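# Secondary and tertiary structure notes
Next come the chains, spelled out residue by residue.
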2 protein chains.
Amino acid sequence: MKTVGVDLGTRSYDIVIGAGALAELGRLSRKRTLTVMDSTVKALHGAKILASAGGSPEEVFSFPAGERSKTPETAVEICRCAARLKFDRSCRFAAAGGGVTGDLTGFAAAIFMRGIEFIQIPTTLLAAVDSGVGGKTGADIPEGKNLVGAFHQPAGVFIDTRLLTTLPASELGNGLAEIVKTAVILDPELFELLENSADRLVSRPDFEELYPEIIRRCCELKGMIVAEDEKESGRRAVLNYGHTFGHAVELLSDYTLPHGQAVAIGMAAASHLAVLRGLWKQSDADRQNRLLSRLGLPVKVPPRCRTCDLVNAMRADKKNVGGAIRVVLCSAVGSSRLPEAAGDGELAAAWEMIR
Amino acid sequence: MKTVGVDLGTRSYDIVIGAGALAELGRLSRKRTLTVMDSTVKALHGAKILASAGGSPEEVFSFPAGERSKTPETAVEICRCAARLKFDRSCRFAAAGGGVTGDLTGFAAAIFMRGIEFIQIPTTLLAAVDSGVGGKTGADIPEGKNLVGAFHQPAGVFIDTRLLTTLPASELGNGLAEIVKTAVILDPELFELLENSADRLVSRPDFEELYPEIIRRCCELKGMIVAEDEKESGRRAVLNYGHTFGHAVELLSDYTLPHGQAVAIGMAAASHLAVLRGLWKQSDADRQNRLLSRLGLPVKVPPRCRTCDLVNAMRADKKNVGGAIRVVLCSAVGSSRLPEAAGDGELAAAWEMIR
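Residues numbered from 1 in each chain as written. Chains lettered and ligands numbered in written order. Predicted model: local features only at pLDDT ≥ 70, side-chain atom pairs only at ≥ 80, totals over all residues. Heavy atoms only, no water.

## Structural notes on the domain arrangement of chain A
Residue and element names in this part refer to chain A. In plain terms, the rule: Annotation comment: domain bounds sourced from an automatic or database domain assignment. Throughout, a contact is declared for two residues whenever any of their heavy atoms are within 4.5 Å. What gets called buried area is simply the loss in accessible area from a 1.4 Å probe that two parts show on being joined, summed for both. The definition of a polar contact used here is a pair of N or O atoms within 3.5 Å, where within protein one atom must be able to donate a hydrogen and the other to accept one, and adjacent residues in sequence count solely through side-chain atom pairs. Starting at the N terminus, helices and strands are each numbered in turn, a helix being any DSSP run of H or I of at least four residues and a strand any DSSP run of E of at least two. Throughout, the ten residues Ala, Val, Leu, Ile, Met, Phe, Trp, Tyr, Cys and Pro are labelled nonpolar, Asp, Glu, Lys and Arg are labelled charged, and all others, Gly among them, are labelled polar.
In terms of domains, chain A is made up of domain 1 (2-166) and domain 2 (169-352). Centre-to-centre separation of domain 1 and domain 2, based on C-alpha positions: 25 Å. Contact residues are listed per partner, giving 30 residues for domain 1 and 31 residues for domain 2. Buried surface at the junction of domain 1 and domain 2, both sides included, amounts to about 2600 Å², of which 68% is carbon and sulfur. Summed over the shared surface of domain 1 and domain 2, the number is eight residue pairs in polar contact (both at pLDDT 80 or more). Where the side of domain 1 that touches domain 2 is concerned, the elements lending two or more residues are β1 (2-7), β2 (12-18), α5 (125-131) and β8 (144-151). Ranked by residues supplied to the side of domain 1 that touches domain 2, first place goes to α5 with six residues. Tallied by class, residues from the side of domain 1 that touches domain 2 come to 15 nonpolar, eight polar and seven charged.

What follows is the structure, encoded as structure tokens:
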């Protein structure tokens, strides 16, 4: 079992990673817990998770799987369920699932009685390396994704890699895209490890040793960034590498494109912009895009996405300030720069280069 | 004009108080602002407030006056309105109104894009001395009042006492109850001032000098308490004096009893429990209840409230921990103690003494 400590100054918490993290959770002292799961996770792993999180069968809130459930209404339903169960401020929520479950449950925990504890039990690779760590919670409104939410840190994260064995390949891809992103912006050694073990990540995935080690490294890196800049006023923004471009592709696909694929395409576009600006060597950018391809991730604009629509969609990103489109670029594998404004012309050129 | 600074360590803000605070707001530099008002405030003061807060007529969100609007759905509607207006994280909300507007708008500001700035423009005495200061925000769900919400401090509070001149007597009473509460738990001098000026508070209210001074003192005291204990893990709980008893009366009245009247009755009950326990001199408790009466506030249990129902209703208070009913008691005018557990028998006795 591996443990990563995240120290946020006034608070700290542990991320426990490995085949058997659920058993570790079961051993820890318990608070009264409302476990939140979507229909899929409940069917696959419900009993096991409930036994470890320490709740009774009534202390479960489940909802239909899928991004369409990620609304403020569902978060309020979680709070109402807790209120009906007479939960008080000494109780906690457990989010057992992927990003939707984690974001929703964390948001509900942030607002129930003005904030109670919650723990994360990620069941997807994406949640394990990204959304499960860092304390960003939220829900979607018709006007846009994650437009309501809160910064609310978990009290603990328990990543049992055995839960990942049931993931379909596309779900694995979502996580791998964020793992490559983390390596590209922060860690050349992790990048090399990924290059050297691409087949043990995709064709014959190793959930006992390799994945726990890679997840540990990603959590450590993300934890460091979050500790430095919890509310994203500076450095944390580098975690958005590939995302401003990627969100545009997601939006134009009407969110039918998996998040990881959109981020991979976004990183490819960002790499070309960095090369165009003379920041990044072409050979390094190629190295990034080759790794993405080897991991089964797309690096080309999907058909029927017009360049002008992509640039317009980037304008809607909520991280823009005062109207300018801002993107994270890299100067080497492992070295990222703070977000910088980009003009329509060069953005269009970058998109054109990945057609 | 009087200014009270609230210093929360990492953040600080000013409370500007006086006849003319709105003009002061108008002079300060402006962010893009969505002003939130209920239908009553909009009709009475809308144009004046909007001119000071610095918004265009489209940048207003209004909703039907009354506690029934205080739902998470209304808070989300505020966020959706801001999203449609293309607000980003550099914009702010302004809450112009009483407790419902302040709580809702603060909650919306806490969750819009994971938290943006908001300012308070209290238009009721209660909001000026209590809900407008301190950063507690929230909304009601069918299972209970304020069961969802957040701690989110305003970036500034502008209390223009000229707005208070349109208040009906019952609204003034709501504020006076909290003012007496503040004096009883924290400030014997303020208590004396209230005793010496009861008629200039009620029959011929002085909004140019006396009220600004009393509001200033209340804001200062509340600001100090909040600075010491923002999230109510300790000392802040004394602000709940009279409230655990009062909430029970409110609940049994189905929230038809005004909050201030409920708190006055709650303080009377608490004073009798403190006397019963030998903590407080009968003469001091009488002094509190006499002042409440002079200010037109009730100090007796409303007819048709049974003692057993009142005790049971106290059990539902969200501030109870682990099942025990906890109440704040005083040991002298100006001296309060941290919440302490109380048994059913003595609670019933205290209620019986104010029949």
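Now that the structure has been shown, we can carry on.
## Side note on the relation of the copies chain B and chain A
We apply this condition: Copy-to-copy alignment: least squares on C-alpha atoms, limited to residues at pLDDT 70 or above in both.
Of the transformation superimposing chain B on chain A, the axial component is 0.0 Å and the angular component is 180 degrees, with the fit at an RMSD of 0.0 Å. With respect to symmetry, the two chain copies, as superposed, fit the operation of a two-fold axis. Interface overlap between copies: 100% of the residues of chain B at the interface are likewise at the interface in chain A, consistent with a symmetric, same-surface contact.

## Some words on the sheet that holds strand β6 (residues 117-122) of chain A
Residue and element names in this part refer to chain A. This is how the line gets drawn: Strands were regarded as paired on the criterion that DSSP finds at least two bridges between them. As a rule, the C-alpha atoms of each element are fitted with a line to give its axis, helices using only the stretch in contact, and angles between N-to-C directions run from 0 to 180 degrees.
Spatially, seven strands are ordered β1-β2-β9-β6-β5-β3-β4 in an open sheet, and the strand pairing comes out mixed. Where the open sheet ends on each side, the last strands, each with one partner, are β1 and β4 (60-63). The sheet shows a mean angle of 15 degrees between the axes of neighbouring strands, taken without regard to direction. Relative to β2, β1 runs antiparallel, the two being bridged by six bridges. Directly across from Asp7, in β2, lies its bridge partner Ser12. The strands that helix α2 (residues 39-53) touches are β3 (33-38), β4, β5 (92-97) and β6; relative to β3, the one it contacts most, it runs at about 160 degrees. Of the strands in this sheet, β3, β4 and β5 are in contact with helix α3 (residues 72-84), which crosses β4 at around 155 degrees.

## Details of the interface of chain B and chain A
By a widespread convention, an interface's size corresponds to the accessible area lost as its parts come together. Where we set the bar: Throughout this description, the term salt bridge denotes a Lys or Arg side-chain nitrogen within 4 Å of a carboxyl oxygen of Asp or Glu.
Residue-level contacts link 30 residues of chain B with 30 residues of chain A. For the chain B and chain A pair, buried surface summed over both sides reaches about 2600 Å², with 61% attributable to carbon and sulfur atoms. Where chain B meets chain A, there are four salt bridges. Inspection of the chain B/chain A interface yields 10 residue pairs in polar contact (both at pLDDT 80 or more). Its residues assigned to classes, the side of chain B that touches chain A comprises 16 nonpolar, five polar and nine charged.

## With respect to the sheet that holds strand β3 (residues 33-38) of chain B
Residue and element names in this part refer to chain B. What the seven strands build is an open sheet, ordered β1-β2-β9-β6-β5-β3-β4; its pairing is mixed. Because the sheet does not close on itself, it has two edges, and the strands there are β1 (2-7) and β4 (60-63). Pairs of neighbouring strands in the sheet enclose a mean axial angle of 15 degrees, with direction left out of account. Contacts from helix α3 (residues 72-84) reach β3, β4 and β5 (92-97), with the element oriented near 155 degrees to β4.

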